[in-house]
Amino acid sequence: MAVSNGLASAEDEESPAVLEEPLLQYQQQRQQEESMRLRRSQSNTSSQVAIVGSNLCPIESLDYEIIENDFFKKDWRSRGKTQIFQYILIRWIFCFLIGVIVGLLGFFNNLAVENIAGIKFVVTSNMMLARKYTVAFLVFASSNFGLTLFASLITAFIAPEAAGSGIPEVKAYLNGVDAPAIFSLRTLIIKIVGSICAVSSSLNIGKAGPMVHTGAIVATIIGQGGSDKFRLTWKWLRVFNNDQDRRDLVTCGSAAGIAAAFRAPVGGLLFALEELASWWRSALLWRAFFTTAVVAIVLRALIDVCLRGECGLFGKGGLIMFDVTSANISYQLRDVPPVLLLGVIGGIVGSFYNLLLDKILRIYNMINEKGIAYKIILACSISIFTSCLLFGLPWLAYCRPCPSDTSEPCPTIGRSGNYKKFQCQPGHYNDLASLFFNTNDDAIKNLFSKNTDSEFHLASMFIFFVTCYFLSIFSYGIVAPAGLFVPVIVTGAAYGRFVGMLVGSNSNLNHGLFAVLGSASLLGGTMRTTVSLCVIILELTNNLLLLPLSMLVLLISKTVADAFNGNIYDLIVTSKGFPYLESYAEPYMRQLTVGDVVTGPLRIFHGIEKVSNIVHILKTTRHNGFPVVDEPPLSVSPVLSGLILRAHLITLLKMKIFLQTPALVGSDASTRFSADDFSKGLGHGDKIEDVDLSEEEMEMFIDLHPFTNTSPYTVVETMLLAKAFILFRQVGLRHLLVIPKTSDRVPVVGILTRHDFMPEHILNLYPHLLTSRWKRLIFQFPQSHKLI
């Protein structure tokens with residue numbers, strides 16, 4: 001595509017689509033050039049917008065490429081040892097600050113959820129104890145409704161970008177896709193407050209995903225030390241005002257978010273590496289590890305305060321590790337088949353979970369498009385439905401007599417516990433209420449607990465598993481901050497316990513271990529990460545002896561699920577419309593050359609350009625990069641001088657450094673500008689509509705040479721598309737210039753952006769590739785109709 005790079009112009013001229021066979025075989029030169037000319041006259045119709053949170057927004061690509069113009073060279077060559085030392089030092093200081101702040105926010109999040117939900121459960125339990133069941137339900141349902149309503153209102157009206165988990169947005173950003181307001185201070189505040197309210201409202205959602213987004217926002221705001229918006233304009237901080245450094249900070253922040261959610265520093269680091277980051281190197285690994293270590297230290301210090309009873313109703317869930325196993329775990333060969341079965345079924349159930357969630361999210365998107373009122377009604381309806389299930393289903397369970405050898409009070413009255421009294425007579429407990437009438441963290445603790453094989457009934461466990469399975473699907477996608485991690489863990493734990501009950505005495509493993517392995521299998525079946533999930537589970541349970549079984553379950557469940565569909569976050573990224581580039585090239589890309597997919601029309605600037613021409617092109621297109629070509633008398637023949645960005649052109653127009661005649665500016669530009677004038681802050685910068693020019697200024701000229709990237713990445717038009725894709729993806733480019741094979745033509749024939757590598761664009765040009773034998777083997781679930 002010729003310079004679409006993120007926001008293609010809706011005003012580009014269109015020509016009839018002409019589909020040609022891939023030009024891999026020898027053809028005559030005239031026919032080849034004619035077919036390429038016709039194809040380049042098409043516009044790239046791939047989507048330039050995406051659903052960010054719950055809002056439809058325009059998206060752009062990020063510039064990870066170093067812009068090597070005269071100002072960049074001057075700025076870096078003038079740096080001394082002191083400035084280099086400051087640059088290295090400030091990176092570590094920023095990582096330390098990210099760890100401290102995210103650790104504090106993670107603790108505050110858990111503390112608020114445990115206390116708000118704790119008060120709700122205490123009041124409701126007191127009503128139940130007084131046998132005021134109707135009043136108890138009204139208190140329970142109304143408090144849940146109020147919390148959900150507040151969370152959805154502030155999200156819908158103040159920061160729609162805060163809806164959902166935020167992991168798809170962070171993953172897309174780290175892949176090179178930017179969207180407005182995803183890392184703003186407003187989004188951060190709503191993400192924190194909304195997540196606390198939504199999780200406290202007993203919706204089957206988690207806080208781990210929002211914590212990842214929170215960590216990424218904190219990292220971005222800290223990295224804006226050189227931004228005038230926050231009045232931090234120290235010169236030696238401005239070097240961080242670029243996409244590459246912000247990408248590294250966001251990676252550290254997202255790792256810190258998982259570390260804060262589960263008190264799993266190594267697991268958080270590996271999750272960022274395995275699931276989120278598209279680019280990774282050893283130096284970034286070391287800084288991210290330092291960040292998560294700081295989070296762990298902060299949480300450890302704060303937990304010591306809670307252990308002294310100074311945190312109100314803060315329970316043993318959340319940040320406290322789950323003590324799920326005895327000191328010694330022994331398993332034999334006969335225990336392996338049930339574990340294998342657990343992994344296989346977990347993979348199938350997990351892939352079906354992803355399928356249903358993808359369909360539900362598409363339905364929710366159609367509802368949300370109708371307006372804010374529909375978003376609020378949907379969220380409140382889910383809250384009422386959830387409250388009715390959580391309060392009504394425990395009445396189906398039988399009251400069970402309290403065990404005589406229990407280590408905690410039975411029945412439990414109040415905040416939390418394994419033995420909820422609910423409607424039972426003294427000396428009895430309701431096992432289903434012990435799971436439903438708790439926060440998800442406490443439900444996980446109950447399911448993971450050791451020496452409780454006889455605590456739950458088989459029917460109760462099945463009811464809890466089915467309810468959590470579908471509630472987590474229907475609860476995600478409402479206009480409120482909501483995560484998937486914790487609901488999948490609690491659903492998997494119920495599934496694992498259920499399997500453990502069926503196996504019974506045929507295995508040496510207790511039901512708590514089956515719950516842990518069930519969580520691992522469902523996590524592997526939905527999220528498809530293995531190493532990070534294995535470590536997170538080990539850090540949650542604090543038992544290294546679970547490692548072999550956890551590895552086995554995760555490997556099997558991921559392998560089985562991969563045969564049906566992709567991981568849950570990839571499906572959400574696709575459904576939201578983010579142009580995400582995978583780490584591999586699709587097989588059909590090996591049948592095409594770069595010249596087969598490049599489209600037009602191409603907009604080119606001369607080395608010395610008239611102001612009116614620049615303004616006209618910027619107003620009539622939305623391209624963000626333009627080739628600069630020198631022609632006689634500046635050169636003997638047309639020569640590609642480089643690439644200039646839209647943001648730099650707008651800066652030049654606003655500063656009005658114009659020439660009366662078309663002449664080279666020479667070294668004068670170095671004294672009138674600095675590298676800071678062309679550093680790009682977070683956001684989308686100035687717009688061409690904001691530039692006010694007189695008629696006299698429109699007739700003047702600008703010398704673009706000092707501001708042009710003189711060494712952009714280029715590929716010849718005959719290169720295989722797969723090879724160009726790998727270059728584009730691995731380097732992290734926004735623009736890839738396509739040059740002709742012969743020197744007797746225009747020095748540049750087009751520009752490739754990430755949208756030109758998207759399957760939608762390629763298969764629109766070559767529909768016959770849909771039936772190509774070069775496609776991935778994957779099984780499909782039977783579908784009666786397609787949901788749009």
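Rules used throughout
- Residues numbered from 1 in each chain as written.
- Predicted model: local features only at pLDDT ≥ 70, side-chain atom pairs only at ≥ 80, totals over all residues.
- Heavy atoms only, no water.
- Core = buried A, V, L, I, M, F, W, Y, C linked by side-chain atoms within 4.5 Å.
- Buried < 20%, exposed > 50% of the residue type's maximum accessible area, 1.4 Å probe, protein only.
- Helix = DSSP H or I, 4+ residues; strand = E, 2+ residues; numbered from the N terminus.
- Contact = heavy atoms within 4.5 Å.
- Salt bridge = Lys/Arg side-chain N within 4 Å of Asp/Glu carboxyl O.
- Disulfide = S-S within 2.5 Å.
- Pairing = 2+ DSSP bridges.
- Axes fitted to C-alpha atoms, helices over the stretch in contact; angles between N-to-C directions.
- Expected span 1.5 Å × (residues − 1).
- Polar contact = N/O pair within 3.5 Å; in protein donor to acceptor, adjacent residues only side chain to side chain.
- Patch = residues over 30% accessible without salt bridge, like charges linked within 9 Å, V, L, I, M, F, W, Y side chains within 5 Å.
- Areas by Shrake-Rupley, 256 points an atom, 1.4 Å probe, with all protein chains shown as cover.
- Arc of directions from axis to C-beta.
- Phe/Tyr/Trp six-rings, centres within 6.5 Å; stacked < 30°, edge-to-face > 60°.

A. Spotlight on the nonpolar core. Formed by 141 residues in total, the largest nonpolar core has its most connected members in F262, L447, F464, F485 and M527. It is helix 16 (residues 485-503) that contributes the most residues to this core, 12 residues altogether. Every residue in contact with F262, bar those within four places of it in the chain, is listed here: A208, F485, V486, I489, I536 and L540. Ranked by size, the runner-up nonpolar core spans 26 residues in total, among them V594, M719, A722 and Y766.

B. Seen up close, the pattern of salt bridges. Taken as a whole and judged by the stated rule, the model has 17 salt bridges. As a salt-bridge pair, D243 and R246 come within 2.6 Å of each other at their nearest N and O atoms. Residue D243 and its partner R246 are located together in helix 8 (residues 243-262), separated by three residues, close to a single helical turn. Neither D243 nor R246 differs from the other in exposure class; each is buried. Residue D248 is joined to R281 by a salt bridge in which the shortest nitrogen-to-oxygen separation is 2.6 Å. A residue pair is termed long-range when its members are at least 10 positions apart, and D248 in helix 8 and R281 in the loop between helix 9 (265-276) and helix 10 (282-307) qualify at 33 residues. In this structure D248 comes out as buried when scored by relative accessible area, which is 4%.

C. The state of the cysteines, seen in detail. Overall, the coordinates contain one disulfide when judged by the stated rule. The disulfide that involves C399 links it to C424, with 2.0 Å between the sulfurs. Negative torsions about the S-S bond denote left-handed disulfides, and the value of about -90 degrees found for C399 with C424 makes this one left-handed. With a gap of 25 residues between them, C399 in strand 5 (residues 399-401) and C424 in the loop between strand 5 and strand 6 (428-430) connect regions that are remote in the sequence.

D. Just the sheet that holds strand 7 (residues 605-606), in detail. The mixed open sheet is built from three strands, whose spatial order is 7-9-10. Of all the strands in the sheet, the pair left with one neighbour each is strand 7 and strand 10 (639-645). The sheet strands contacting helix 23 (residues 646-655) are strand 7, strand 9 (625-630) and strand 10, and the helix crosses strand 10 at an angle near 80 degrees.

E. Quick look at helix 17 (residues 511-527). Along its 17 residues, helix 17 runs 24 Å from first to last C-alpha, staying within 8% of the 24 Å computed at 1.5 Å per residue. For helix 17, a buried count of 17 out of 17 residues is recorded, marking the element as mostly surrounded by other parts of the structure. Between the side-chain oxygen at the start of helix 17 and the backbone nitrogen of G512 there is a gap of 2.9 Å, and the oxygen is on N510.

F. Region of the structure containing a nonpolar patch on the surface. Where nonpolar side chains cluster on the molecular surface, the patch consists of F85, L89, I93, F96, L97 and I101 and spans about 510 Å² of accessible area. Position of L89 relative to the elements: it lies in helix 3 (residues 81-129).

G. Main features of helix 26 (residues 721-731). Within helix 26 the residues assigned to the buried category are L721, A722, A724, F725, F728 and R729. For helix 26, the arc enclosing every buried residue in end-on projection is 160 degrees, short of the 170-degree limit, so these residues lie on one face. Here the buried face of helix 26 lies against helix 21 (594-597), strand 13 (736-739), strand 14 (750-752) and helix 27 (759-765). Remark: G732 follows helix 26 within two positions and exhibits a positive phi of approximately 80 degrees.

H. Summary view of the packing of aromatic side chains. One pass over the structure, following the stated rule, counts 26 aromatic pairs. Each ring, one from F140 and one from F391, has its centre 6.4 Å from the other, and the planes form 35 degrees; the classification is tilted. Of this pair, F140 sits in helix 4 (residues 133-157) while F391 is found in helix 12 (residues 372-392), placing the two residues 251 residues apart along the sequence. An angle of 65 degrees between the planes, with centres 5.7 Å apart, marks the rings of F725 and F757 as edge-to-face. Of the two residues, F725 sits in helix 26 while F757 sits in the loop between strand 14 and helix 27, which places them 32 residues apart along the sequence. Summarising the burial analysis for this pair, F725 and F757 share the class buried. Among the aromatic residues, ring-to-ring pairing joins F121, Y133, F137, F140, F391, W395, F422 and F437 into one connected group.

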